[in-house]
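Structural description and commentary
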Amino acid sequence: MSQSTAAALEAPAPRRKKKKRRRRTPLILRIIKKIFSIILVCFLSFFLLFAITGTICGIAATAYVVNYMQEQTSVSIQELTTSFSTNIFERDANGEYINVYNVNQSIQRIPIELKDVPQHVRDAFVYGEDERFYLHEGVDYKRTAAAVANMILKFWNTEQGGSTITQQLVKNLTGDNETSPQRKIREVYRAMQLEKSYTKDEILETYINYIGFGGAANGVEMAARKYFGKTVSELSIAEGACLAAIPQSPEINNPFAGYYKRSFNDVTQTEYVTDEYVNTGREVNRNRMEYILYRMYYNGAITFDEYQTALNEHLVFTDTEEYKLLHPEEEKKVDEDGAAITEENSTSWTVDEALREYAHVLMEERGVTMQRALTIINKSGYQIYLTVDRDMQAYVEEKFLDMNNLLKGMTTAAKTNYYRDLNHDGKYDGKVDGKDEVLPLQCGFTAIDYEGRILATVGMIGEKKGSLGTSFASTEPQQPGSAIKPVTSYGYALYHDCISWGTKILDAPIMTNPETGNPWPSNYTETGFGSWSRAKVPVYKALEVSKNTIPATLVKNYGINNVFDYATETVGLNLVLKDKDNAPLAVGALSVGVTVKDLVNAYMVYGNGGYFSNAHIIDRVESGDGDLVYVGGDDLHQAIDNETSYVMNKLLQNVVTGPDGTGKKAQITKGGKKVPLAGKTGTTTDWCDKLFVGLNPDFVSGCWIGYKENKEIRNRGSIDTPAIWRNIMGDWISKHWSGNDFPECSTVREGYVCTSTGKIANGGCGKGVEGWWKSTNAPYCDNRELGLQPAKEIASPGAQTNGGT
C-alpha cells in the first residue's frame, strides 16, 4: 500500500460538529403570552367598537340637541312671574260673588338697582354662587364637570352645584323644574341666549332682585329688611355674606328656619304641634356664610383683616330680643314672614272661619303648623268661595253689637256683668295681672243648613276687631250640659231600637259619686239639682223636662264605648278619649268641651232625614289659574236612617211645644202660624254655661252664653237660653221661613201613648199624648209595660256603630 494511503489510514477521522440545541420557552410563559395577546386583541376590538359607536351616538346626540335647541324659545328678564292674589268671596242675594278678603301680591319684593348695592354685597353673591360669573358665557363647564364628578366620586362632603347665576336666573324665570336631561339642555341653551342679550350687570341685578330668601321675602332688599332691619346699602361684609348664603336653599339656610316641637296629648291620644320653636337655620347659615367669606378673601375681594373682622362680627337679627331692645319703635305684631299685623288687617267672622277651615286642610295634607298653613294660603293666590248667607250674617252681627239685644225681655247686660276687685282698691275699672275686673256676658252663635254649609257665625258680643282671634262659636270649646243627650244616649238607644217614644225608665240615681259619696246623677230643677221622682218616666217626657237619670241609665245599660262611637263616628261630635265615661256621655260633663259649631253640626241629622256632612264654610277653593283644589261638603252621607231622624225630631219638637218643655220660649210664629221648631237646652251644674240648639225646616242653629272665664252666670235665674236664641233668630226665621215642614217619613207609625204601658194605645187603653214609633220598634199595647230592649246590630249608612250592651 502506498505511503500516502497508509498515512491516510493512520490519520484520525475529523470530529463531527455538534448541533446546538435551542432551549424551549417554559410552558407557563407561553400560556401568559397567549392570554395577553387575546386580551390585547379584545381590548383593541372593543375600543374600536366603542369609538365607532360613540362617534355615531355623538353625531346623533349633537343632531338631537341642535334640533331640540332650535325648538326652544329664548327668555327675557322682563318675564318676571307674579303670583295671584288670594281672594275670598261671598255670594249676595242676587247670586253675585262679592270679594270680602284680598291679599295682594304675597311675594314681598322691593326692587333695587345694582348701583345701589355695595360692592362687597355683590361679591358675596358672585363668589358664593358663581365665582367665574364674569368669565363664562352662561355655563361654567369646569364647575359643571366638577359637580358631575363629585356626584359620582364624592370628593366633597357637600353637594357641589353646577348651575351658574345665569342658569339659576333662567330656572326662576321659566319655572322649569323638571328633573330630566331635556330640562338641563333647555337651561343651558337659554342661559347662553340670555348672556347674548344682556350684560353681566343686568343679569346680576335681576338675579339679586328675584331670588327667594325664605318665606315670602324675595330679593336682597326685602331680605335685608327682614333679617337685619336695614337697607342693602347699610349691610356690612358679614351681613352681605349671611344673605348670600340663603339662596342655595332658602327654606333651610335662612337664619329664621326651624320647626315647632311636637308632643303627645294623653287626652286625645294624638300628636300635636307645640308653641316651642327650634331654630335650625342659624347654624346652617353660619357655615355657608363662612365659606362665602373665605371665597371672597381667596379671590381678593376682601383683605385678610376684613375677612377676620367679618368672621368675628356679631350679627343681630330682627327676631332677637337684642334687636327689639335696640329698636323699640319697631315692636309690633308680625306674621312669620315679617309682615305687620294691624287693625287695618281686621277680618270678618266668616273670613276667620274660612281661613281656619282651609288652614286645617293644609295642616292635614302637608303636616305644617297652623301659622305656616295661613302663610301658604295668603301667598298662594287661592280663590276661596264661601257658603255664607250674607243677609243672615249681617242680621246676626247687628244683633251681637249689644248684649241687651239678646237679653231683651229678661234682664240687662249690666246686671249680668261679673265683677271682681282683684287689686282690692274698691274699684272695678281695669286689669290686674292680665285679668279683667269686669267680665261681660258673652255669646257665640252658628247657623248651618242641612247639607253642612255654614250660613252665619258670630263669635263674640261687640264689633269685630282684629283677625283670627277668639270665637265663642268655633274656637272655644264649651260644656254642653244636657244639650249633649240627643247626640249621645238618646240617639244611640233610639237608633238601635233600645227605646221608643213611650219606653218607661226609672227616674233614680244609678250609682254613688265616688268623690262626693252622693247619689248620681241628680236632676235639674229651677232651684238647682237633686230631685228624683223614683217613678218610671216615658222617654218623651224625660227628654222634654231634661231628666239626667234616664240618659245615665241608657249609657250604663248599652255601654260607654257604644254610645261614644255613635256620638263621634255616626253624628260627628268632636269628643276626646277621656269623654268615654258616664258623666260626659250622659249629662255633658266633658273633659274639654265642644264648640257651638260642632254641637249644631251633630244635630243636623235630626232635621234632614239622617244626613251628615262636616260643617264647612268653604264651598270650593280654586288655584289662581282656575284649577279646583278643594271642595267643601263632599262628605255628605246618610249617617242614620230616616225613621230614627224623624222620631228624634218629634221628640225634640216636644221639648219646644210640650207643656213642661225646657225649650218653650223658643217658639216662633209667622202670620199667626207656629213655625215648626225642635230643640234642646243645656245647662251645666255650676251654672257657668247655658246653651240652646234649635232646628227649623230650613236650617239648624245654636247659641252659648257664659264668660270668657269659668264663672257662674250672674242673674242667671232671669236668663232663658231658648229666649236668647229666639231674640237672635226669631225675626229672621219669621220673615224668611220657607213654609216647609221637616222631611216626612211614611214608614213611621203614629198613634197615642197608652198611659199605663207606654206602647201604642189600643181601643181600651187610656190615651196619653200623641207619639211616633219606628216601624222596627212599634209595639201595640198588650197590658205589659214597655221597658228597655236589647240593642240591635245596625250597619249605619254613614258609619259602623256597635250594638250590644
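All values derive from a computational prediction rather than experimental measurement.

Quick notes on the rules
Residues numbered from 1 in each chain as written. Predicted model: local features only at pLDDT ≥ 70, side-chain atom pairs only at ≥ 80, totals over all residues. Heavy atoms only, no water. Pairing = 2+ DSSP bridges. Helix = DSSP H or I, 4+ residues; strand = E, 2+ residues; numbered from the N terminus. Axes fitted to C-alpha atoms, helices over the stretch in contact; angles between N-to-C directions. 1 Å grid on protein atoms, 1.4 Å probe; cavity = no way out; pocket = protein on both sides within 12 Å on 5 of 7 lines; lining within 4 Å. Points joined across faces, edges and corners; volume = space filled by probe spheres on them. Nonpolar A, V, L, I, M, F, W, Y, C, P; charged D, E, K, R; others polar. Contact = heavy atoms within 4.5 Å. Buried < 20%, exposed > 50% of the residue type's maximum accessible area, 1.4 Å probe, protein only. Polar contact = N/O pair within 3.5 Å; in protein donor to acceptor, adjacent residues only side chain to side chain. Phe/Tyr/Trp six-rings, centres within 6.5 Å; stacked < 30°, edge-to-face > 60°. Disulfide = S-S within 2.5 Å. Patch = residues over 30% accessible without salt bridge, like charges linked within 9 Å, V, L, I, M, F, W, Y side chains within 5 Å. Areas by Shrake-Rupley, 256 points an atom, 1.4 Å probe, with all protein chains shown as cover. Salt bridge = Lys/Arg side-chain N within 4 Å of Asp/Glu carboxyl O. Core = buried A, V, L, I, M, F, W, Y, C linked by side-chain atoms within 4.5 Å.

**A word on the sheet that holds strand E12 (residues 442–449)**
Read from one edge to the other, the open sheet built from five strands follows the order E13-E12-E28-E27-E26, with strand pairing classed as antiparallel. Each edge of the open sheet is held by one strand with a lone partner, namely strand E13 (454–458) and strand E26 (678–683). The mean inter-strand angle of the sheet, taken between neighbouring strand axes irrespective of direction, is 10 degrees. Examined bridge by bridge, E12 and strand E28 (residues 699–706) share eight bridges and lie antiparallel to one another.

**Some remarks on empty space enclosed by the protein**
All chains considered together, the criterion is met by three cavities of 30 Å³ or more. Its boundaries defined by the atoms lining it, the largest cavity holds a volume of some 90 Å³. Considering the residues around the largest cavity, the lining is formed by 14 residues, among which Tyr646, Asn649, Phe742, Pro743 and Glu744 are closest to the centre. Tallied by class, the residues present in the lining of the largest cavity amount to four nonpolar, seven polar and three charged.

**Some remarks on the sheet that holds strand E1 (residues 86–91)**
Two pairing modes exist for strands in a sheet, parallel and antiparallel, and in both the strands are linked by backbone hydrogen bonds. Read from one edge to the other, the open sheet built from five strands follows the order E2-E1-E7-E21-E22, with strand pairing classed as mixed. Of all the strands in the sheet, the pair left with one neighbour each is strand E2 (97–103) and strand E22 (628–631). Taken over all neighbouring pairs, the strand axes of this sheet differ in orientation by 20 degrees on average, direction set aside. Strand direction decides the pairing type here: E1 and strand E7 (residues 383–386), joined by three bridges, are parallel. For Ile88, the partnering residue across the bridge sits in E7 and is Ile384. Against the sheet, helix H15 (residues 370–379) touches E1, E2 and E7, its axis set at about 85 degrees to E1.

**Considerations on the side chain of Thr684**
Considering the arrangement of structural elements, one finds Thr684 in the loop between E26 and strand E27 (690–696). Judged by relative accessible area, which is 9%, Thr684 ranks as buried. Side-chain polar atoms of Thr684 contact the side chain of Asp686, separated by 2.8 Å.

**Observations regarding the environment of Val388**
Structurally, Val388 is set in the loop between E7 and helix H16 (390–399). Judged by its relative accessible area of 5%, Val388 falls in the buried class. Here the alpha-carbon distance between Val388 and Ile448, two residues 60 residues apart in the chain, equals 9.3 Å. Filtering out sequence-adjacent residues up to four positions away, Val388 remains in contact with Glu90, Arg91, Thr350, Gln393, Ile454, Leu455 and Ile617.

**Thoughts on the packing of aromatic side chains**
Applying the stated criterion to the full structure yields 26 aromatic pairs. Between Phe89 and Tyr385 the ring centres are 5.0 Å apart and the planes differ by 15 degrees, which places this aromatic pair in the stacked class. Linking Phe89 in strand E1 with Tyr385 in strand E7, this pair joins segments that are 296 residues apart in sequence. The class for Tyr385 is buried, based on a relative accessible area of 12%. Ring centres 5.3 Å apart and planes at 85 degrees place the aromatic pair Tyr358 and Tyr382 in the edge-to-face group.

**A look at the pairing of E13**
Burial within E13 is extensive, with five of its five residues counted as buried. Of the strand pairs in this sheet, E12 and E13 are connected by four bridges, and their pairing is antiparallel. Paired with Thr446 across the bridge in E13 is Thr457. Linking two consecutive strands that pair antiparallel, namely E12 and E13, is a turn of four residues; a positive phi of about 90 degrees is found at Gly452 within it.

**A few points about helix H20 (residues 549–558)**
Buried residues dominate H20, accounting for eight of its ten residues. Listing the buried residues of H20 in full gives Thr549, Ile550, Pro551, Ala552, Thr553, Leu554, Val555 and Tyr558. Once H20 finishes, Gly559 follows within two positions and takes phi at roughly 95 degrees, a positive value.

**Comments concerning the side chain of Lys464**
Residue position: Lys464 is located in the loop between E13 and helix H18 (489–495). At 2.7 Å, the side chain of Lys464 and the backbone oxygen of Thr347 are in polar contact. Only 2.9 Å separates the side chain of Lys464 from the side chain of Asp352, close enough to count as a polar contact. If we skip the residues at most four places from it in the chain, Lys464 touches Thr347, Ser348, Trp349 and Asp352.

**Description of the state of the cysteines**
This structure, assessed with the given rule, holds zero disulfides. Left unpaired, Cys443 is separated from the closest cysteine sulfur, that of Cys703, by 5.0 Å.

**A look at H15**
Buried within H15 we find Ala373, Leu374, Thr375, Ile376, Ile377 and Lys379. Lining the buried residues of H15 we find E1, helix H14 (349–366) and E7. In the stretch just after H15, Gly381 is the one whose phi turns positive, near 70 degrees.

**Here we look at a nonpolar patch on the surface**
Residues Ile28, Leu29, Ile31, Ile32, Ile35 and Ile39 make up a contiguous nonpolar surface patch of about 550 Å² in total accessible area. Along the chain, the position of Ile39 falls in helix H2 (residues 27–71).

**Considering the nonpolar core**
Counting 97 residues, the largest nonpolar core has Tyr603 and Tyr606 as its most contacted members. At seven residues, the largest contribution of residues to this core is made by H14. Setting aside chain neighbours within four positions, we find Tyr603 in contact with Ala483, Pro486, Val487, Leu652, Lys680, Val693, Leu695 and Val700. Among the nonpolar cores identified, the runner-up in size contains 47 residues, and Tyr207, Ile211, Ala244 and Ile302 belong to it.

So, to be careful, I would describe these as geometric facts and stop short of saying anything about function.
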